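Descriptive analysis of the structure
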Amino acid sequence: MRFIFDTNTWQEIFGSIGKNRTRTIITVIGVLWGIFIYIALSGAAKGMDNGFEEVFENVAKNSMFVWAQNTSMPYEGFRTGRPIQLKLEDATSIKNRIPEIQYIAPRNVRGVFGDAPGTIVRGQKFGSYNVYGDFPVFTKITTKKIYDGGRFINDADIEQARKVCVIGERTEKELFEKGEMPIGKFIRIDNVFFQVVGVHKFSQGGGFDSDGDIFIPFSTYRKLYNSGNNVGWFSIAAYDDADVLKVEESVKTLLKSIHRVNPEDERAFGSFNLGEIFGRVSGFAKGLTFLSLVVGIATILAGVIGIGNILLISVKERTKEIGVRRALGATPREVRAQIILESVFLTVTAGIMGIILGAVVLTIINNATQDLDFPYSNPTVPIPYVIGALAIMVILGTLIGLIPAQRAVSIKPIDALREE
Amino acid sequence: MIEIKDLHKSYKMGSNTLHVLKGINFSVEDGELVAIMGSSGSGKSTLLNILGMLDVLDEGSYTLDGVPIKNMNETKAAQYRNKFLGFVFQSFNLINYKTAAENVSLPLYYQKVGRRERQEKALKYLEQVGLKEWAGHLPSELSGGQKQRVAIARAMAAEPKVLLADEPTGALDSKTSYEVMDLIQKINDAGNTILIVTHEPDIAKMCKRIVHLKDGVIIEDEKITQVRASQYVQ
């Protein structure tokens, strides 16, 4: 150990490394590149993972949507192809019968599934926006950030079927003057006046949300569009510890029995499971992390082998010098230790430079993608991974250094001196 | 100081065996300056290598300063070389990316001498060979004679019991050769034991004893009156 901390040792090492500077630098670049690839790739993978997390953070990760379609099997005397209509009562049945369900929000919309969107008019300005009929519980499943001063639809709105609405950022921009406070103002939705109670900030949450969405109370929606007890689809959130796939199945089975659909009929109800999608996406990010690990280590290995190769050449070139050293009293151990230390020193220096370069590049990419609609944020490489990579390099550097070191020792001092 | 009895050494060259040293009996007293002479192939360099523990003997015995040299592993041999022997080579063998002072202090490094002391000693020995002002220069900036003097300083720095010189003047012109020999004589005058392998008679005459080797045996071993090299040096 004293050997490593001895300034003389380092003088010796710098002396011999510095002898062929260009070659040393080129060799170092090999390992530097490896660790750089490793850091940049795994940081980018982490950044993507974080980005996806951010995309999904507004949505309960164990949530799903269920909607009705047409039957594909005859049952109890009903014909094939019968359209099924979800009803408001279904929500109560589902909530009561399936205990894993935490929240269920019946929803309706105009403008998404082929029908005409609502026409919104304010003074001389007008536009077409999707209009949703919603319950307050909806925000428990999908977070809606409401601008200062505003609010989302509340229970009283539902009870009294108030003509209030929450508009989107884009709606605000397009219908109101710049700097104008929309809350308290009135807009016309399909010729009915609604008071704006809030503006929601758009955040990508999967599905068909947009920054122009207008939310009105479910009870007002059914009066406005005469939709009765019909429900477009259910947004459902299961408890955190529930298996969403199983809940999805039970919801569909229950709906089939309520709506007298063949239990075998797979087409009658559609569903979309965010938990599953999220799992897939985060699996992708994990795969990417793993890939970067493999690629990084392979590249580091290639670089380290390059160092070993160069040290072999350098030992060959220094045969005579090593012979002189041994004639002057260098023990085989000292000769071996010096070459291994050269190898480790080169590897670790290259590694540290690669880590710094990788961190710089990650920061640059992060800054460049900050304002883009790209799921990428806060790319980091965990410290244990970095230390692990350095440790691997020390180990590899030692192992690869053993080869030239052994070569150096195996040269007899007399043969080394004789070589001209 | 050196005691060699019935020394044999042979090399295998493919299927042939080359018997290089065929029973050498030889001893050197403290403070001697011995020239080993012989034509090429006479075994003089092999003898020096065995004396320098760079090569191992096949048969016979070798005692250096009362220590029997046999069954040495590389580590032990390295330590003995470091402690007992100083080497001077025909081609100087200075490490070309180290300055004169660093070259001189190298054996001290392997003796685990501290940095400051190493530097002091290196300067002291460089001063002895008259190259103190050249301490910071690289070997490539020195002339042949200067290089050999640095090499001698390096050999002396470890304060060895015996100085072994393999054709120390082989690569030098005669004027520089005499300067180097003058230096070697002065070191010998100070009481150091020195062995020189050479094939130049005028260099051999500057020693105190000449050993002639031919075909692996000593054919002549005579004490002579030393020719001082200083008379050729201005």
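Just so it is clear, the structure is predicted and the values come from calculations on it, not from any experiment.

1. Points about the overall build of chain A
Tallying secondary structure elements over chain A gives 14 helices and 14 strands in all. Look at the contacts in chain A between residues 6 or more apart in sequence, and 82% of them connect residues 24 or more apart.

2. Focus on the pairing of strand 6 (residues 131-134) of chain A
Residues and elements named next belong to chain A. Neither face of strand 6 is left uncovered, since the one carrying V131 and G133 and the one carrying Y132 and D134 both have all their residues buried. Across three bridges, the pairing between strand 3 (residues 101-110) and strand 6 is antiparallel. Within the sheet, the bridge partner assigned to N108 lies in strand 6 and is G133. Summarising the sheet, strand 6 and strand 11 (residues 214-217) pair through four bridges and their orientation is parallel. Paired with V131 across the bridge in strand 11 is I214.

3. With respect to the environment of M393 of chain A
Residues and elements named next belong to chain A. Note that M393 resides in helix 13 (residues 383-410). Taking the C-beta count within 10 Å as the criterion, M393 has 27 such neighbours and is therefore assigned buried. Expressed as a C-alpha distance, the spacing of M393 and V348, which sit 45 residues apart in the sequence, is 6.5 Å. The contact partners of M393, leaving out residues within four places of it in the chain, are I300, V304, T347, V348 and G351.

4. As for the nonpolar core
Nonpolar side chains in soluble globular proteins tend to be buried together. Formed by 118 residues in total, the largest nonpolar core has its most connected members in I35 of chain A together with I36, V104, L126, A153, L164 and L195 of chain B. Ranked by the residues each element gives to this core, the list is headed by helix 3 (residues 21-56) of chain A, at 13 residues. Discounting residues that sit within four places of it in the chain, L126 of chain B has contacts with A100, A101, V104, L131, K132, A135 and A153 of chain B.

5. Here we look at helix 1 (residues 44-51) of chain B
All names here are of chain B. The element helix 1 is largely enclosed, with a buried count of eight among its eight residues. Within the sequence span of helix 1, burial applies to K44, S45, T46, L47, L48, N49, I50 and L51. Directly after helix 1, the chain includes M53, whose backbone phi takes a positive value near 60°.

6. Description of the UniProt feature "transmembrane region" (unreviewed entry) in chain A
Residue and element names in this part refer to chain A. Residues annotated by UniProt as "transmembrane region" (unreviewed entry) correspond here to residues 24-41, 290-315, 343-365 and 385-403. Helix makes up 100% of residues 343-365 and strand 0%, whereas the separation of the span's terminal C-alpha atoms amounts to 32 Å. Helix makes up 100% of residues 385-403 and strand 0%, with an end-to-end C-alpha separation of 27 Å.

7. Section: helix 13 of chain A
Helical geometry: 3.6 residues make up each α-helical turn, so side chains three or four residues apart lie on a common side. Residues and elements named next belong to chain A. Here helix 13 contains 28 residues, and its C-alpha end-to-end distance of 40 Å stays within 8% of the 40 Å for a straight helix at 1.5 Å per residue. A bend of about 30° at L402 is the largest found in helix 13, and the proline P404 appears one to four places after it. Along helix 13, the residues that are buried comprise A389, M393, L396, G397, I400, G401, P404, A405 and A408. Lining the buried residues of helix 13 we find helix 3, helix 10 (274-317), helix 11 (319-327) and helix 12 (332-368).

8. What about the sheet that holds strand 2 (residues 16-28) of chain B?
All names here are of chain B. Across the sheet, which stays open at both edges, the four strands sit in the order 2-1-4-5 with antiparallel pairing between neighbours. Across the chains shown, the open sheet's two edge strands, defined by having one partner strand only, are strand 2 and strand 5 (67-68). As defined by bridge partners, strand 1 (residues 2-13) adjoins strand 2 across ten bridges and the pair is classed as antiparallel. Of the residues in strand 2, the one forming a bridge with S10 is H19.

Parameters and conventions
Residues numbered from 1 in each chain as written. Chains lettered and ligands numbered in written order. Predicted model: local features only at pLDDT ≥ 70, side-chain atom pairs only at ≥ 80, totals over all residues. Helix = DSSP H or I, 4+ residues; strand = E, 2+ residues; numbered from the N terminus. Contact = placed C-beta atoms within 7 Å. Buried ≥ 20, exposed ≤ 12 C-beta atoms within 10 Å, placed from the backbone. Pairing = 2+ DSSP bridges. Core = buried A, V, L, I, M, F, W, Y, C linked by C-beta atoms within 7 Å. UniProt positions renumbered as here; feature names shortened; annotations may be inferred. Expected span 1.5 Å × (residues − 1). Bend = angle between axes of the 7 residues up to and from the residue.

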